[in-house]
Amino acid sequence: MSRSVPLVPTATACALALVLTACGGTGGVHGTPGGAGVADPYFPKAGNGGYDVTHYALTLAYTPDTHDLTGTAEITARATHNLSAYDLDLKGMKVDALTVDGKTAPWTRTGQELTVRPPSTLPKGKTFRTTVRYSGTPETITDPDGSEEGWLRTADGALALGEPTGAMAWFPADDHPSDKATYDITITVPKGLQAVSNGELRTEPTTRAGRTTYSWRTTHPMATYLATVAIGHYDITRTTMKNGLPVYVAVDPQEAAASRKVLARIPEIMEWEEYNFGPYPFSSTGAIVDRRGDAGYALETQNRPFFPGAPDTATLVHELAHQWYGDSVTPKTWRDMWLNEGFATYAEWLWSEDHDGDTAQQTFDALYDGTYYDDPSDNEAIWAFPPARPTSAAHISDSPVYERGAMVLHKIRRAVGDARFYDIIQGWAAAHRYGNANTADFTAYVEKMAPGKDFSGIWKAWLYGDGKPARP
Ligand code: TRP
Ligand code: ZN
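Per chain, the residues get numbers from 1 upward, laid out in the order the sequence is written. Think of it this way: whatever chain is written first is A, whatever ligand is written first is 1, and the rest follow in order. Restriction of local features to residues with pLDDT of at least 70 applies here, the model being predicted, together with a cutoff of 80 or more for giving and counting side-chain atom pairs; totals for whole chains, interfaces and linings are based on all residues. Excluded from the side-chain calculation are hydrogens and water; included are all heavy atoms of the structure.

### Overview of helix H10 (residues 418-431)
In an α-helix, one turn spans 3.6 residues; hence positions three or four apart end up facing the same way.
Now for step 1: Strands are runs of DSSP state E lasting at least 2 residues, helices are runs of H or I lasting at least 4, and numbering of each runs from the N terminus. Working rule for helices: expected span equals 1.5 Å times residues minus one. Between its first and last C-alpha, H10 extends 19 Å over 14 residues, near the 20 Å set by a 1.5 Å rise per residue.
Now for step 2: Per-residue accessibility, obtained with a 1.4 Å probe over protein chains only, is compared with the maximum for each type, and a residue is labelled buried under 20%, exposed over 50%, and partly exposed between these values. For H10, every residue scored as buried is listed here: Phe-421, Tyr-422, Ile-424, Ile-425, Gly-427, Trp-428 and Ala-429.
Now for step 3: Those residues of H10 that are buried lie in contact with helix H4 (266-277), helix H6 (338-354), helix H9 (399-416), strand S24 (436-437) and helix H11 (439-449). Should any heavy atoms of two residues lie within 4.5 Å, those residues are counted as being in contact.

This is the structure we're talking about:
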């Protein structure tokens with residue numbers, strides 16, 4: 001839950017500048033501003049310096065007819081240096097009131113940066129609570145790759161999807177995967193609608209004065225981009241797996257018939273994934289299925305992945321695999337995206353191999369030989385850039401991250417053999433459970449798990465190298 005702190009003015013610089021507003025504060029402790037952004041190579045303004053969030057308590061009310069969202073966010077965080085000011089990320093919405101530890105605090109807004117000036121400098125190590133009351137019509141954000149995230153209006157409600165920077169459309173946040181936290185998300189909607197989120201229901205929904213309140217709790221660390229709310233009409237199915245794990249599935253009634261068979265396989269897929277990836281890291285599972293046009297992609301929202309329309313089995317396997325690889329072990333920056341998508345894609349290959357479909361080797365060969373896709377340009381696109389170095393933010397969800405990322409894992413499997421390979425992918429999930437990791441952590445881990453083996457050729461050609469690697 002920590003990260004490197006971006007460049008900020010030093011105490012000496014502040015003393016020389018004598019600019020109390022930027023550097024000072026009262027009470028004797030000299031502080032500096034936390035800074036906007038955590039120097040993510042692809043989203044430099046995402047996240048913020050100077051503190052570490054431990055818990056978000058979000059109390060939201062939404063009216064689909066007017067698209068009106070009102071919210072209170074109580075953000076508990078710990079200062080990582082003496083803080084005279086700090087930022088939250090919030091895109092759109094109006095801030096109505098803001099307090100720090102119960103005291104009114106001034107704020108300013110510039111783009112997505114909501115800058116807070118606490119009444120006095122927050123000393124390093126102090127836990128403090130920011131309470132933001134906000135309201136407005138939440139925005140849909142268009143990503144660098146043209147896809148839509150943030151707050152989406154659906155046929156019968158709304159949906160919040162956050163990858164990579166959509167959380168800031170519906171709550172003020174340290175909106176970067178490096179700062180994971182626990183969540184309480186309470187949502188009030190017009191009676192007759194339902195509101196589904198991450199984690200487990202704290203209490204059964206209550207209805208008063210024509211509005212129903214749903215109270216969700218996520219007790220395991222979650223990255224902001226994995227937080228969701230889905231508001232609308234849903235058929236809800238609550239079951240438990242043989243091991244007692246709650247399964248909470250919410251399906252738009254129009255997708256119910258098409259979804260029934262595939263969603264009934266969630267326990268079977270979960271058991272297969274536990275066998276292959278190790279113990280499931282969270283305390284419930286499930287899925288949220290909206291209508292096809294409600295979003296352009298599936299997303300591995302924590303506990304219960306989101307699907308626009310009934311998923312196929314491979315997509316369900318993929319999004320559930322992300323619970324281990326992405327949600328529990330989360331990238332340190334958006335550059336490490338292949339650690340999410342390469343693993344989730346390789347999970348699909350392994351599922352196919354174990355269920356009388358193509359072997360992972362066959363999938364690898366088809367990709368390498370350029371016969372995987374019908375369109376030759378799609379086969380070419382796999383080699384556009386190396387998985388660990390996407391060319392820009394617009395390309396973090398392209399096929400080199402997914403398919404070529406999975407090819408990296410297959411190369412490792414071929415180098416170490418099946419037994420050690422499964423030790424590696426399970427051990428990786430265990431070693432960084434609930435944390436963050438990057439590509440260097442991964443290569444070091446593989447090397448540690450296979451002493452005496454030389455992976456430098458694989459890293460150089462498959463992970464970091466431009467163009468199509470030579471046939472070995
Ligand atoms: N993570 C999603 C998946 O593969 C895909 C996705 C949705 C995505 N939105 C994104 C990838 C934004 C990168 C950026 O399951
Ligand atoms: Zn994925």
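### Observations concerning the layout of surface pockets
A probe matching the size of a water molecule, rolled over the atoms, marks out where space remains unfilled.
Now for step 1: Lining residues are those with an atom within 4 Å of a point, where the points come from a 1 Å grid over the protein atoms alone and group into cavities, where a 1.4 Å probe fits but cannot get out, or pockets, open sets with protein on both sides within 12 Å along at least five of seven lines. Grid points are joined across faces, edges and corners, and a volume is the space filled by probe spheres set on the points. There is about 800 Å³ of room inside the largest pocket.
Now for step 2: Lining the largest pocket are 37 residues; nearest its centre among them are His-318, Glu-319, Glu-341, Glu-348 and Tyr-402.
Now for step 3: If you list the elements that add at least two residues to the lining of the largest pocket, you get helix H5 (313-321), H6, helix H7 (360-369) and H9.
Now for step 4: With six residues, the single largest contributor to the lining of the largest pocket is H6.
Now for step 5: Under the grouping applied here, Gly and all other residues not named as nonpolar or charged are polar, the nonpolar ones being Ala, Val, Leu, Ile, Met, Phe, Trp, Tyr, Cys and Pro and the charged ones Asp, Glu, Lys and Arg. Partitioning the lining of the largest pocket into residue classes produces 16 nonpolar, eleven polar and ten charged.

### Observations regarding the coordination of the zinc ion (ligand 2)
Now for step 1: Atoms are scored as donors when they are N, O or S and lie within 2.8 Å of the metal, with 3.2 Å used for Na, K and Ca; no water is included, so coordination may look incomplete. For the zinc ion (ligand 2), every protein donor is listed as His-318 (NE2), His-322 (NE2) and Glu-341 (OE), and the spread of their distances is 1.9 to 2.0 Å.
Now for step 2: Mapping the donors of the zinc ion (ligand 2) onto the primary sequence gives the spacing H-x3-H-x18-E.
Now for step 3: The class for His-318 is buried, based on a relative accessible area of 6%.
Now for step 4: Taking the relative accessible area as the measure of exposure, His-322 reaches 0% and is therefore buried.

### Topic: empty space enclosed by the protein
Now for step 1: Inspection of every chain in the model, using the stated rule, returns two cavities of 30 Å³ or more.
Now for step 2: Size it by volume and the largest cavity reaches roughly 50 Å³.
Now for step 3: Along the walls of the largest cavity sit Tyr-325, Gly-326, Val-329, Thr-330, Pro-331, Leu-339, Asn-340, Trp-428 and Ala-437, which together make up its complete lining.
Now for step 4: Those elements giving two or more residues to the lining of the largest cavity turn out to be strand S23 (330-331) and H6.
Now for step 5: A per-class count over the lining of the largest cavity returns six nonpolar, three polar and no charged.
Now for step 6: Estimates place the volume of the second largest cavity at around 40 Å³.
Now for step 7: Surrounding the second largest cavity, Phe-277, Tyr-325, Phe-343, Tyr-346, Ala-347, Leu-350, Leu-409 and Ile-425 form its lining.
Now for step 8: Per-element tally for the lining of the second largest cavity: the top contributor is H6, with four residues.
Now for step 9: The residue makeup of the lining of the second largest cavity, split by class, is eight nonpolar, no polar and no charged.

Take it as geometry only, folks, not as evidence of what the structure does.
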